[in-house]
Amino acid sequence: MRESKLNGIFFLLALFFVWELASRSEWVNPLIVPPLSKIFVSFGSLVATGDIPLQILASMKRAAVGYFLAAAVFIPLGILMGLFERCYRALEVVIELLRPVPPPVVIPVALLFFGLEDEMKIFVIFFSCAWPILLNTLDGVRNIDRLLLNTARTFGLSHVKIIWQVVLPACSPQIMTGLRVSLPITLILVVISEMVGSTDGIGYFILDSQRRFKVAQMYAGMLALAVLGYALNLLFNLAHRALLPWHWGMLRKEQG
């Protein structure tokens, strides 16, 4: 794993060198693709002045509300649909109709209902994260060994205790997969929704920089998004390790 990470770092540094050389040598238009050193200087300056942290904070507030709201609604719904066939049959058609709808298409509808306020961005994130969370939870519940459920019922456990003591531990790896898949979707949709209608946030910041032809600042905003995405993935892995240490250990073992 350490060797793999070192190889990745060396490859990234090589890409940085090629970018810098191409811009300095004017193999590409430096007005459109400025030297990477200039982007890093702009990034450091924007971080020091607090411009980028404030924009990221505004975006993350919206992203967190939409993401955790989707988890709070669709994890229980996925469990219910996996355990009770009537519930699944009642909702199957609606879910299969809504699931293929591309999330950006929802933005105009959200604008009609919520305007340009934060509720619009939160709804778009909520809608986008719903399906990976729901479907992974549903698959996790359906893949549980029915012998476990039948044994729990034989011992007279209530539905609540069966869900809490049997179902959740058994399908938790699948739930974590759904949450992990939804994490980058959250970041993508908060940026898109801010570009469509907002006066703050990292998506607005990047688009506004492009409109004012502050190219280095635009790339600095994109760099901030890349760093943010990497940091969120690290935090999710830490949460995964803390909540499901046995599953994390299995994954590490499989990866060598």
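Residues numbered from 1 in each chain as written. Predicted model: local features only at pLDDT ≥ 70, side-chain atom pairs only at ≥ 80, totals over all residues. Heavy atoms only, no water.

K.L.:
Teacher, can you tell me more about the overall build of the protein here?
P.N.:
The secondary structure content of the protein amounts to 11 helices and 0 strands. The helix and strand sequence of the protein, counted from the amino end, reads α-α-α-α-α-α-α-α-α-α-α. Dimensions of the protein, computed from C-alpha atoms along their principal axes, come out at roughly 75 × 50 × 30 Å. Taken over 256 residues, the protein has a buried fraction of 39%. For the protein, the share of sequence-separated contacts (at least 6 apart) that also reach a separation of at least 24 residues comes to 69%. (Helix = DSSP H or I, 4+ residues; strand = E, 2+ residues; numbered from the N terminus. Buried < 20%, exposed > 50% of the residue type's maximum accessible area, 1.4 Å probe, protein only. Contact = heavy atoms within 4.5 Å.)

K.L.:
I'm lost on the domain arrangement of the protein in this one. Help?
P.N.:
Where the parts come together, the accessible area they lose is often given as the size of the interface. Considered domain by domain, the protein is made up of domain 1 (1-29) and domain 2 (34-255). Distance from the C-alpha centre of domain 1 to the C-alpha centre of domain 2: 30 Å. Both sides of the domain 1 and domain 2 interface together cover about 680 Å² of buried area, and 60% of this is carbon and sulfur. Along the contact surface separating domain 1 from domain 2 lie 0 salt bridges. On the surface where domain 1 and domain 2 come into contact, there are 4 residue pairs in polar contact (both at pLDDT 80 or more). Its residues placed into classes, the side of domain 1 that touches domain 2 shows 3 nonpolar, 1 polar and 2 charged. (Domains from an automatic or database assignment. Buried area = accessible area lost by both parts, 1.4 Å probe. Salt bridge = Lys/Arg side-chain N within 4 Å of Asp/Glu carboxyl O. Polar contact = N/O pair within 3.5 Å; in protein donor to acceptor, adjacent residues only side chain to side chain. Nonpolar A, V, L, I, M, F, W, Y, C, P; charged D, E, K, R; others polar.)

K.L.:
Could you clarify how one ought to interpret the layout of surface pockets in this entry?
P.N.:
Remark: the empty space left among the atoms is shown by a probe the size of a water molecule rolled over them. Estimated volume of the second largest pocket: approximately 500 Å³. Where the lining of the second largest pocket is concerned, the elements lending two or more residues are α3 (51-83), α8 (159-196) and α10 (215-243). For the lining of the second largest pocket, the element with the most residues is α8, which contributes 9 residues. Of the residues that constitute the lining of the second largest pocket, the class distribution is 21 nonpolar, 2 polar and no charged. (1 Å grid on protein atoms, 1.4 Å probe; cavity = no way out; pocket = protein on both sides within 12 Å on 5 of 7 lines; lining within 4 Å. Points joined across faces, edges and corners; volume = space filled by probe spheres on them.)

K.L.:
Can you walk me through a nonpolar patch on the surface in this structure?
P.N.:
Together, Phe17, Val18, Leu21, Trp27 and Val28 make up an exposed nonpolar region whose accessible area comes to about 510 Å². Note that Trp27 resides in the loop between α1 (2-24) and α2 (36-49). (Patch = residues over 30% accessible without salt bridge, like charges linked within 9 Å, V, L, I, M, F, W, Y side chains within 5 Å. Areas by Shrake-Rupley, 256 points an atom, 1.4 Å probe, with all protein chains shown as cover.)

K.L.:
When you look at the packing of α2 against α10 in this model, what are you seeing that I'm missing?
P.N.:
When two helices pack together, you describe them by how their axes are tilted relative to each other and by the distance separating the axes. Where α2 contacts α10, the two axes come as close as 8 Å, and the packing angle between them is 70 degrees. By the angle between their directions, the pair α2 and α10 is classed as roughly perpendicular. Together, Lys38, Ile39, Phe40, Ser42, Phe43 and Leu46 of α2 and Ala216, Gln217, Tyr219, Ala220, Leu223 and Ala224 of α10 make up the contact between the two elements. (Axes fitted to C-alpha atoms, helices over the stretch in contact; angles between N-to-C directions. Parallel < 35°, antiparallel > 145°, perpendicular 65-115°, else oblique.)

K.L.:
Please explain the pattern of salt bridges as it appears in this structure.
P.N.:
When the charged atoms of two side chains with opposite charge come close together, those side chains can pair. A full pass over the atoms with the stated rule returns 9 salt bridges. Between Glu85 and Arg89 there is a salt bridge; the shortest N-O distance is 2.9 Å. A residue pair is termed a helical-turn pair when its members lie 3 or 4 positions apart in one helix, as Glu85 and Arg89 do in helix α4 (residues 85-98) at 4 residues. Its relative accessible area of 41% is what places Glu85 among the partly exposed residues. Three or more residues joined by partner-sharing salt bridges are found here, namely Arg62, Asp118, Glu194 and Asp200.

K.L.:
Even after reading the chapter, I still don't get the environment of Leu98, so can you show me in this structure?
P.N.:
With respect to the helices and strands, Leu98 occurs in helix α4. Between the C-alpha atom of Leu98 and that of Pro76, which follows or precedes it by 22 residues, the distance is 19 Å. Those residues within four positions of Leu98 in sequence are excluded, and the remaining contacts are Phe127 and Trp131.

K.L.:
Where do I start with the state of the cysteines in this structure?
P.N.:
Put plainly, two cysteines are in a disulfide when a covalent bond ties their sulfur atoms together. Within the structure shown, the criterion is met by 0 disulfides. Free of any disulfide, Cys87 has its nearest neighbouring cysteine sulfur in Cys171, separated by 14 Å. Cys129 forms no disulfide, and the closest cysteine sulfur to it belongs to Cys171, at a distance of 18 Å. Under the relative-accessibility criterion, Cys129 is labelled buried at 0%. (Disulfide = S-S within 2.5 Å.)

K.L.:
Is there a simple way to explain helix α6 (residues 118-142) in this structure?
P.N.:
Owing to its 3.6 residues per turn, the α-helix aligns residues three or four sequence positions apart on the same side. Over its 25 residues, α6 runs 36 Å from end to end, which matches the ideal 36 Å to within 8%, given 1.5 Å per residue. At Ala130, α6 shows its maximal bend, which comes to roughly 35 degrees, and the proline Pro132 appears one to four places after that position. For α6, the tally of buried residues reaches 19 of 25 residues, placing the bulk of the element in the interior. (Expected span 1.5 Å × (residues − 1). Bend = angle between axes of the 7 residues up to and from the residue.)

K.L.:
What is the right way to read unusual backbone geometry from this model?
P.N.:
Trans is the common state for peptide bonds, and a negative phi is the common state for residues other than glycine. For Glu26, which is not glycine, the phi dihedral falls at a positive 60 degrees. By secondary structure assignment, the location of Glu26 is in the loop between α1 and α2. The class for Glu26 is exposed, based on a relative accessible area of 59%. Although it is not a glycine, Phe213 sits at a positive phi angle of roughly 60 degrees. One can find Phe213 in the loop between α9 (202-211) and α10.

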